[in-house]
Amino acid sequence: MASLVYYLFFDHVKIQNANAISSPLTYGFPAISGFIGAIHALNRKIESTDPIYLDGVLIACHECDVQVYRPNDYSDYTFRLTRNPLAKNGDNRSIIEEGRVHLDVSLLIEVKIENFEALYDDDQKNEFVNQMKQKLYQQRIAGGHVLEIGEAKLIPSDASDETLANLLLPAFVLVEAQQDLQEITAELQQQDPNATALDALIETAMLHHHPQEKEHWQTTSVKQGRGWLVPIPLGYQAISPLFAAGKLQEARSNEHQSQFVECIYGLGKWVFPLRLKENLSQAFWRYQCSTLQSNGAEIYIINQQNN
């Protein structure tokens, strides 16, 4: 069985034009699946005679520049779209663009190996790190192009959480906020017994303005005192039977089984790394597939539980 031996650290990965539409209901920072999927793709490109696996991913964001435009303080934000070349007849091309975001992130990735002779000496380590860095340049992350990687190196898995946290400064780490979601839901249910977790997610995106004295207003939010909370997509749940390959019309591929799904939402929180220096090991995102006991539906979920 593979054991955690190293962390692979990519410092200040600059990504251009990543997908800012993270789900049907959220936008801004890309979906976590965009990063998990990129590292999964990177794992499949490892060239080594010994089994080496990339597992959990910690995401720390230094800068997030969503490409939006707002003409004045009272207008809604709109995405800044690119001007594509005209067709031969002079008409606009039928290209539906999505929202874009430029990112500067650092990634800390778990490296698990089965044979402890793998990555044993410095030459092997340097070769592996250079290979991973080059492969990461050649692929996309969350739909965006990798423009620059500041540094890449292996860190022993016995490094303290404080040491790892210092490597991520200055940035904010994305973690689960399941406890906050439950508390907000309970608060809303005291006012309305029919309130659900979805109502709590929507409430985190709202500001309430209360009139006070003349020309004075009080603004309140359920997020006050709870940190930087953000609704995030956390996976997909099946809403149809599993169709055999080639049976579902308009499927992206006729070589694989297909299924209709809907997005699963949860609550995340951006936390300064030094606040996690005692439990940073719990901030790694992983994916798992399971079956719901209530209705037997297949579920693909991303969380920070250590499987």
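Only a predicted model underlies this, so the values are computations on that prediction, with no experimental measurement involved. Sequence order sets the numbering: in each chain, residues are counted from 1 along the sequence as written. Only residues with pLDDT of at least 70 are given local features in this predicted model, and only at 80 or more are side-chain atom pairs given and counted; all residues enter the totals for whole chains, interfaces and linings. Just so you know, side-chain values use all the structure's heavy atoms and leave hydrogens and water out.

1. Some details on unusual backbone geometry
Phase 1 of the analysis: With omega at -15°, the peptide bond leading from Leu-169 into Pro-170 counts as cis.
Phase 2 of the analysis: Secondary structure is summarised from DSSP: a helix means a run of H or I of at least four residues, a strand means a run of E of at least two, and numbering begins at the N terminus for each. Here Pro-170 is to be found in the loop between helix H3 (161-167) and strand S8 (172-176).
Phase 3 of the analysis: Phi is positive for Ala-142, close to 55°, though the residue is something other than glycine.
Phase 4 of the analysis: The residue Ala-142 is located in the loop between strand S6 (140-141) and strand S7 (144-156) in this model.
Phase 5 of the analysis: Positive phi, close to 60°, is recorded for Glu-250, a residue that is not glycine.

2. Notes on the side chain of Arg-286
Phase 1 of the analysis: By secondary structure assignment, the location of Arg-286 is in strand S13 (residues 286-291).
Phase 2 of the analysis: Look at Arg-286 and you get buried, because its relative accessible area is 4%.
Phase 3 of the analysis: A 3.5 Å cut-off defines polar contacts: any pair of N or O atoms within that distance qualifies, except that in protein one atom must be a possible hydrogen donor and the other a possible acceptor, and neighbouring residues in sequence count only when both atoms are side-chain atoms. In terms of polar contacts, Arg-286 uses its side chain to reach the backbone carbonyl oxygen of Phe-284, at 3.3 Å. Residue burial is assigned from relative accessible area. The probe radius is 1.4 Å, only protein chains are included, and a residue is buried under 20% of its type maximum, exposed over 50%, and partly exposed in between.

3. Brief notes about the pairing of strand S9 (residues 208-211)
Phase 1 of the analysis: Sheet topology note: the S9/strand S10 (residues 217-220) ladder contains 4 bridges and is antiparallel. Residue pairing in the sheet places Pro-211 in a bridge with Trp-217 of S10.
Phase 2 of the analysis: For two strands to be treated as a pair, DSSP must find at least two bridges joining them. Once S9 ends, the chain turns through 5 residues before running back antiparallel as S10, passing Glu-215 with a positive phi of about 60°.

4. Considerations on the environment of Tyr-6
Phase 1 of the analysis: Within the element layout of this structure, Tyr-6 appears in strand S1 (residues 3-19).
Phase 2 of the analysis: C-alpha of Tyr-6 to C-alpha of Gly-99: the two residues are 93 residues apart in sequence and 36 Å apart in space.
Phase 3 of the analysis: Separated by 3.4 Å, the side chains of Tyr-6 and Lys-125 make a polar contact.

5. Digging into the packing of aromatic side chains
Phase 1 of the analysis: Only Phe, Tyr and Trp rings take part, Trp by its six-membered ring, and two of them pair if their centres are within 6.5 Å. Stacked means planes under 30 degrees apart, edge-to-face means over 60, and tilted covers everything else. By the definition in use, this model includes 10 aromatic pairs.
Phase 2 of the analysis: Ring centres 5.5 Å apart and planes at 10° place the aromatic pair Phe-29 and Phe-35 in the stacked group. You'll find Phe-29 and Phe-35 in the same group, each marked buried.
Phase 3 of the analysis: Plain terms: the ring middles of Phe-243 and Phe-260 are 6.3 Å apart, the flat faces sit at 90° to each other, and that makes the pair edge-to-face. Linking Phe-243 in the loop between strand S11 (228-238) and strand S12 (261-271) with Phe-260 in the loop between S11 and S12, this pair joins segments that are 17 residues apart in sequence.
Phase 4 of the analysis: Overall, Phe-243 belongs to the partly exposed group, its relative accessible area being 28%.
Phase 5 of the analysis: Classification of Phe-260 by relative accessible area gives partly exposed; the value is 44%.
Phase 6 of the analysis: Of the aromatic side chains, those joined through ring pairs into one cluster are Phe-29, Phe-35, Phe-172, Trp-228, Trp-270 and Phe-272.

6. Side note on a nonpolar patch on the surface
Phase 1 of the analysis: On the surface, Leu-25, Leu-198, Ile-202 and Met-206 cluster together to form a nonpolar patch covering roughly 380 Å² of accessible area.
Phase 2 of the analysis: Along the chain, the position of Leu-198 falls in helix H5 (residues 197-203).
Phase 3 of the analysis: By relative accessible area, Leu-198 is classed as partly exposed at 45%. Here, patches come from residues exposed beyond 30% relative accessible area and free of salt bridges, joined within 9 Å for like charges and within 5 Å for nonpolar side chains (Val, Leu, Ile, Met, Phe, Trp, Tyr). In these tables, accessible area is a Shrake-Rupley quantity obtained with a 1.4 Å probe, and a residue counts as shielded only by the protein chains included in the view. Salt bridges are defined by distance alone: a side-chain nitrogen of Lys or Arg within 4 Å of a carboxyl oxygen of Asp or Glu.

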